[in-house]
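Fold and geometry: a report
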Amino acid sequence: MTDNVLTADLDEIDRLINGCTLCTLGSKRTMAVPGNGSRTSDLMFIGEGPGYYEDQQGLPFVGRAGQLLNEMLATIGLRREDVFVTNMIKCRAPNNRDPLPIEIRSCGPYLDRQIELIAPKVIVTLGRYSTAKFFPDEPIGKLRGTPANWNGITIYPMYHPAAALRNSTIRGALERDFLKLPSLLEVTPAPTPATPSPPPPAAPHPPQHSRIHI
Ligand code: URA
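Along each chain, numbering runs from 1 in the same order as the chain's sequence is written. Selection of residues for local features in this predicted model requires a pLDDT of at least 70, selection of side-chain atom pairs for listing and counting requires 80 or more, and totals for whole chains, interfaces and linings are taken over all residues. Excluding hydrogens and water, the side-chain figures rest on all heavy atoms present in the structure.

The next point concerns the overall build of the protein chain. In this text, helices come from DSSP runs of H or I with a minimum length of four residues, and strands from runs of E with a minimum of two, each type numbered from the N-terminal end. Assigned secondary structure in the protein chain consists of 9 helices and 7 strands. Counting across all 214 residues of the protein chain, residues that qualify as buried make up 46%. By the convention used here, residues are in contact when the closest approach between their heavy atoms is within 4.5 Å. Contacts in the protein chain between residues at least 24 apart in sequence constitute 73% of all its contacts with a sequence separation of at least 6. Roughly 11,400 Å² of accessible area belongs to the protein chain as shown, and the carbon and sulfur atoms make up 54% of that amount. Here's how the labels work: a residue is buried when its accessible area is under 20% of the maximum for its type, exposed when over 50%, partly exposed in between, all with a 1.4 Å probe on protein chains only. Surface accessibility follows the Shrake-Rupley procedure with a 1.4 Å probe radius. Residue values consider only the protein chains on display as shielding.

A word on the pattern of salt bridges. For this analysis, a salt bridge means a side-chain nitrogen from Lys or Arg found within 4 Å of a carboxyl oxygen belonging to Asp or Glu. In the structure shown here, the tally under the stated rule is 13 salt bridges. Between Glu138 and Lys142 there is a salt bridge, with its nearest N and O atoms 2.9 Å apart. When the shortest N-O distance is used, the salt bridge between Arg144 and Asp177 registers 2.8 Å. Residue Arg144 is found in the loop between α7 (140-143) and β5 (148-150), and its partner Asp177 is found in helix α9 (residues 168-186); the two are separated by 33 residues along the sequence. Residues joined by salt bridges that share partners form a network here, namely Asp11, Asp14 and Arg39.

If you check helix α5 (residues 101-118), its first and last C-alpha atoms are 25 Å apart, about what 18 residues at 1.5 Å a residue would give, namely 26 Å. Bend, in this description, refers to the angle at a residue between axes fitted to the seven residues ending there and the seven starting there. Bending of α5 peaks at approximately 40° at the position of Gly108, with proline Pro109 no more than four residues after it. If you check which residues of α5 are buried, you get Glu103, Ser106, Cys107, Gly108, Tyr110, Leu111, Arg113, Gln114, Ile115 and Ile118. Looking one or two residues beyond α5, the residue adopting positive phi is Ala119, at roughly 50°. What a helix is expected to span follows from its residue count: subtract one and scale by 1.5 Å.

With that settled, consider the site of the ligand. A molecule or strand has a residue near it when one of that residue's heavy atoms lies within 4 Å. Contacts to the ligand come from Gly47, Glu48, Gly49, Glu54, Pro60, Phe61, Asn87 and His160. Counted as a polar contact is a pair of N or O atoms within 3.5 Å, where, for protein atoms, one must be capable of donating a hydrogen and the other of accepting one, and residues adjacent in sequence contribute only when both atoms are in side chains. Within the contact set of the ligand, a nitrogen atom lies 3.0 Å away from a backbone nitrogen or oxygen of Gly49. The backbone of Phe61 places a nitrogen or oxygen atom 2.9 Å from an oxygen atom of the ligand. Coverage of the ligand by the protein amounts to 91% of the 240 Å² it exposes when considered alone. The nonpolar class holds Ala, Val, Leu, Ile, Met, Phe, Trp, Tyr, Cys and Pro. Asp, Glu, Lys and Arg form the charged class, and all remaining residues, Gly among them, are polar. Grouping the amino acids of the shell around the ligand by side-chain chemistry returns 2 nonpolar, 4 polar and 2 charged.

Let us look at unusual backbone geometry. Of note in the backbone geometry, Asn95 takes a positive phi value of approximately 55° without being a glycine. A residue is classified by how much of its surface remains accessible, and Asn95, at 74% relative accessible area, is exposed. Positive phi values are uncommon outside glycine, yet Asn96 reaches one of about 55°. Within the secondary structure layout, Asn96 lies in the loop between β3 (84-87) and α5. The partly exposed category is assigned to Asn96, whose relative accessible area is 43%.

This is how it looks when you write it as structure tokens:
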């Protein structure tokens, strides 16, 4: 399947996900949830995995956590259809248990191709699982609210909205983190000077990602 995924367009990715049986979740789902929203958006959200309502409807973040996500987007003047929303795993795990490493690995190529094709400027990772895709070594509590550069994309970790529904301190942090998003979307790469300066000497081991401080 990996070959197909590497060259697939977004419609084909949806079809592959909808027919996927790579892990055991494929036989337990009502519907797979590939993701939805604007395919040309500068802003992509990655959650953890579908819950009950998402599994019923085949759409991401349509339950209570999704409602909160929509409210947060509204605070910065965005609607759901302005952004692309997907998850680390594309099928519901039984009783909403945490995703297993094998499930995350099975869905990985789908998500990687979605990122490649949508090519967002900013990816908001909602919660620890999607944050760990990019920054596996630090806890979400430490990473949230601080944007970081990953292969030219700004990764902006936030708490998961479901956690914010249970805890008002987390909700406050989520609200504050959302308010920083517009400024991240405005950041454009520095213009190329008329006479380009020579490239700096190559570092022996260039870092794959670095923290951006705003
Ligand atoms: N939680 C998630 O992480 N994703 C969804 O789609 C819904 C709830």
